[in-house]
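Here is what each chain is made of, one letter per residue.
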Amino acid sequence: MTQSEQKKLAAETAVDAMISEGKIFSGMKIGLGTGSTAMPAVHRLAERIKDGTLKDIKAVVTSFQTSNACQDLGIQVYSMNDRVIGGRLDLAVDGADEADAQNNLIKGGGAALLREKIVAYNSSLFVIVIDESKDVKSLGTKFPVPVEIVGDARVPVTAALERLGAECTLREGVRKCGPVITDNGNQILDCLWQNPVNPPEMEAKIAEIAGVVEVGLFTKNKPIIFVAHEDGSVLRR
Ligand code: 5RP
């Protein structure tokens, strides 16, 4: 299977499994992630709404990409602040850039880490869907950890991240001059280390820096991870 076939397989397997186990159910409040693996999960959910398996699904989205998809697919979108959501979700489903053996994650390759973390950390159940290339031994040396920052604090935040051993690159736009501007109006520093990081420790240290909005290490709400493989198998852990 190609990588994109694995992404679709992981996403559809996870949604089907969560429905059959009663963890995705009618009337629920669900967080929907961003990216090319999260999208097939959104589409699968829409199929199950359309065929009548699921009714009255209330979605909270993590990006413009996902809100556009929900509008096109007829999935009702709410804010975390809406009374009907009450700041708490039953389940969130999302992709990831890397996952280690302890189910710590790097997220934010699509620059949606801030709303992804709000959704993930306020969900009773967190489900991650990935292809096998994202299943790694350690974090921090291969896929850069995205850090969403306030643009005016770029220089001091970069210096503080360098003191934590990171090499930082400001994420540049594609077919847009200058930095990527996130859905929340901020910028992204992509951070790499020479040696693997301790993910919970580094998440906490980076979050303390003034001018950091959010860090793309996800260590607190441990997800169930569905990993799709080249041979067509999907392992769950
Ligand atoms: C977006 C994310 C994505 O989940 C992550 O980048 C994985 O993306 P893809 O499924 O397209 O490989 O965190 O901010």
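Preceding this paragraph is the structure being described.
A short tour of the structure in this document, coming up. (Residues numbered from 1 in each chain as written. Predicted model: local features only at pLDDT ≥ 70, side-chain atom pairs only at ≥ 80, totals over all residues. Heavy atoms only, no water.)

1. Some words on the pattern of salt bridges
- Overall, the coordinates contain 17 salt bridges when judged by the stated rule.
- Between Glu203 and Lys117 there is a salt bridge whose closest N-O contact spans 2.6 Å. With Glu203 in helix α6 (residues 199-207) and Lys117 in helix α4 (residues 113-120), the pair connects residues that are 86 residues apart, well separated along the chain. Like Lys117, Glu203 is buried.
- Across the pair Asp131 and Lys134 runs a salt bridge whose closest N-O atoms are separated by 4.0 Å.
- On the basis of relative accessibility, which here comes to 1%, the residue Asp131 falls in the buried class.
- The exposure class assigned to Lys134 is buried, which follows from its relative accessible area of 11%.
- In the salt-bridge network here, residues are joined through shared partners; they are Lys8, Glu12, Asp16, Arg44 and Glu47. (Salt bridge = Lys/Arg side-chain N within 4 Å of Asp/Glu carboxyl O. Helix = DSSP H or I, 4+ residues; strand = E, 2+ residues; numbered from the N terminus. Buried < 20%, exposed > 50% of the residue type's maximum accessible area, 1.4 Å probe, protein only.)

2. Focus on the sheet that holds strand β11 (residues 212-215)
- One open sheet accounts for four strands, arranged β9-β10-β8-β11; its pairing is antiparallel. Each edge of the sheet is formed by a strand with only one pairing partner; in this case those strands are β9 (167-170) and β11. Between one strand and the next, the sheet's axes are offset by a mean angle of 30°, whatever the strand orientation.
- Bridge count for β9 against strand β10 (residues 187-192) is four bridges, and the pairing is antiparallel. Bridging across to β10, Cys168 finds its partner in Cys191.
- This element, α4, spans β8 (145-149), β10 and β11 of the sheet and lies at about 65° to β11.
- Contacts from α6 reach β8 and β11 within the one sheet, and its direction differs from that of β11 by about 165°. (Pairing = 2+ DSSP bridges. Axes fitted to C-alpha atoms, helices over the stretch in contact; angles between N-to-C directions. Contact = heavy atoms within 4.5 Å.)

3. Thoughts on the site of the ligand
- The ligand sits among 17 residues. The nearest are Ser36, Thr37, Asp97, Gly108 and Lys134.
- Between the ligand and the protein, one listed contact pairs an oxygen atom with a backbone N or O atom of Gly110 at 3.2 Å.
- In the complex, 91% of the free accessible area of the ligand, which totals 380 Å², lies under the protein chains.
- Partitioning the shell around the ligand into residue classes produces three nonpolar, eight polar and six charged. (Near = heavy atom within 4 Å. Polar contact = N/O pair within 3.5 Å; in protein donor to acceptor, adjacent residues only side chain to side chain. Areas by Shrake-Rupley, 256 points an atom, 1.4 Å probe, with all protein chains shown as cover. Nonpolar A, V, L, I, M, F, W, Y, C, P; charged D, E, K, R; others polar.)

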